[in-house]
Amino acid sequence: MANGKNPQSSRITMKDVALRAGVSQSTVSFVLNGMEGMRISAETRNRVMRAVTELGYRPRSAGRPPASTGMRVIGVMFDEIATSPFASISIEGVQEEAWKEDVLVEVVMTGGDKGYEAAILRKWAADRVEGVIYGSILTRKVRPPDALAKHRSVLLNCYDPEKRFASIVPAERRGGEMATRFLLDAGHRSIAFISGEPWMEASDQRMEGYERALRQAGHPVDPSLIVEGNFLPSGGREATLRLMKGAIRPDAIFCANDLMAVGCYEALKELGEQIGRSIAVMGYDDQEIAQHLFPALSTVLLPHREMGQWCASFLLEGSWDASRQERLECPVVPRASHLMIKT
C-alpha cells in the first residue's frame, strides 16, 4: 500500500497528515493546536490544513482532557518509554480510546523498579483508578507485582506465563509466516533470513514463522540462508554481505526488523544490486524510516497503536475477563522492495 497504512484500518492519523503535507508530526501538532508562537510559515500551515481536509483527518478535540475534576482515570505503567518509539505509539492508542469515554490516562515509567511499581499501584488503588495497563517495550514474559491483581488490569506487549492476568501481544510467528508467504507468492524461492539477537522472543518467533512458511510451501529450510544480526543497521549490513558471498545467492532477504533492513539496503547498493529489481527485501516493524527508503520498504506492521486501543477498550468494557489472552495480527505492508522483475 502506497501510504503504508494498516490494511486492516482506515483510520487517518497525524502521521498520514504529516506525510501528505511533507512536514514532521510535531509541525502538524503545533498547527492543529493553534500554537501561533511557533515560527511556522503561513504556507506550511496552509499545507497542513489542506492535507487535513484532503485526508478527512479528525483532530482529537473531542478527546482533550475534560476541564472538570474527579474524572475517571486509567493508569499506564511502562518499564521504559524513551528508548523505544513503540511505547509512545501504544500510549497514543490508549489515550485515543480512553478519551472517547472521557477517561483520562496517567502514565508512569518505572525502569522495572519493583518498589516504585508497588508504590504507584498503592497510589492508584487510593485514587480508585478505572484500571491499570502494565506494559513492556519488549514482547516478553513478565512477573507483574502481586498488587496488580487488586486492580482491573491487562498486560500490554507482555504476558504472565501463569496466565494470572489478561494480556495482549503481537502474533509474531504469524507475522513472520505471512511475510515469508508474501515473498513466496511474489515468486521468490531462495529467501534468506537475517535474525535479531537470539535472546529476544520476537526474533525467535519471527524466524519460526519464516521456517514454518517455507515448510508449508514445500521448501526446505537452508541453514546457510539464515544469518544472525543484531536489530541494528550494522548487523543488517554485515549479515547481507555474508549472505551475498555465500554459495547460494538469495533472491529475497527477509530482515527481522526495519533497522537491519536499512543496513541490508546499504550492503546491496554497495554491491551494485537494484533492490526491488535484482533482489527483494522485506522488513518488520513498519517504523517511520521504512517509507523513506528508496525503494520504499515492504514490511510487517507491529500493531502497537491497535494494542493500546484494545487495552483501553478491554478495561472499560462491562464484560472484563481476567483470563483473556490475545494475539493481535501483524499484517504485511506491501511497498516496492519486494518486487522483482524476472529477466
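### Overview of the pattern of salt bridges
Evaluation of the coordinates by the stated rule reveals 24 salt bridges. Its salt-bridge partner being Arg72, residue Glu130 comes within 3.0 Å of it at the nearest N-O pair. In this pair, Glu130 is assigned in the loop between helix H5 (114–127) and strand E3 (131–141) and Arg72 in the loop between helix H3 (42–55) and strand E1 (73–78), connecting sequence segments 58 residues apart. Judged by its relative accessible area of 36%, Arg72 is partly exposed. Across the salt bridge formed by Arg212 and Glu177, the nearest N and O atoms sit 3.0 Å from each other. Of this pair, Arg212 sits in helix H7 (residues 201–216) while Glu177 sits in helix H6 (residues 172–185); the two residues are 35 residues apart in sequence, bridging distant segments of the chain. Its relative accessible area of 34% is what places Arg212 among the partly exposed residues. Accessibility expressed as a relative area gives 5% for Glu177, which makes it buried. Counted as one network, the salt bridges with shared partners bring together Arg143, Asp146, Asp160, Glu162 and Arg164.

### Focus on the packing of helix H1 (residues 14–21) against H3
The N-to-C vectors of H1 and H3 enclose an angle of 120°; their axes lie 9 Å apart at closest approach. Judged by the angle between their axes, H1 and H3 are oblique. Viewed along their axes, H1 and H3 form a crossing whose handedness is right-handed. Residue-level contacts link Asp16, Val17, Arg20 and Ala21 of H1 to Arg47, Val48, Ala51, Val52, Glu54 and Leu55 of H3. When the residues that make up the contact of H1 with H3 are grouped by side-chain class, the tally is six nonpolar, no polar and four charged.

What counts as what
Throughout this description, residue numbers start from 1 for each chain and increase along the sequence as written. Residues qualify for local features only when their pLDDT is at least 70, as the model is predicted, and side-chain atom pairs are given and counted only at 80 or more; totals for whole chains, interfaces and linings, by contrast, use all residues. Side-chain calculation: all heavy atoms of the structure are included, whereas hydrogens and water are not. The working definition used for a salt bridge is a side-chain nitrogen of Lys or Arg within 4 Å of a carboxyl oxygen of Asp or Glu. Helix numbering and strand numbering both begin at the N terminus, where a helix is a DSSP run of H or I of at least 4 residues and a strand a DSSP run of E of at least 2. Exposed residues in this analysis have more than 50% of their type's maximum accessible area, buried residues have under 20%, and partly exposed residues fall in between, with area computed by a 1.4 Å probe over protein chains only. Note on geometry: axes are C-alpha line fits, over the in-contact stretch for helices, and angles between N-to-C directions span 0 to 180 degrees. Geometric relationships in this document are graded by angle, where less than 35 degrees denotes roughly parallel, more than 145 denotes roughly antiparallel, 65 to 115 denotes roughly perpendicular, and other angles denote oblique. Put simply, a crossing is left-handed when the front helix is turned counterclockwise from the back one by less than a right angle, and right-handed when it is turned clockwise. The criterion used for residue contact is that any of the two residues' heavy atoms lie within 4.5 Å. For this classification, the nonpolar set comprises Ala, Val, Leu, Ile, Met, Phe, Trp, Tyr, Cys and Pro, the charged set comprises Asp, Glu, Lys and Arg, and every other residue, Gly included, is treated as polar.

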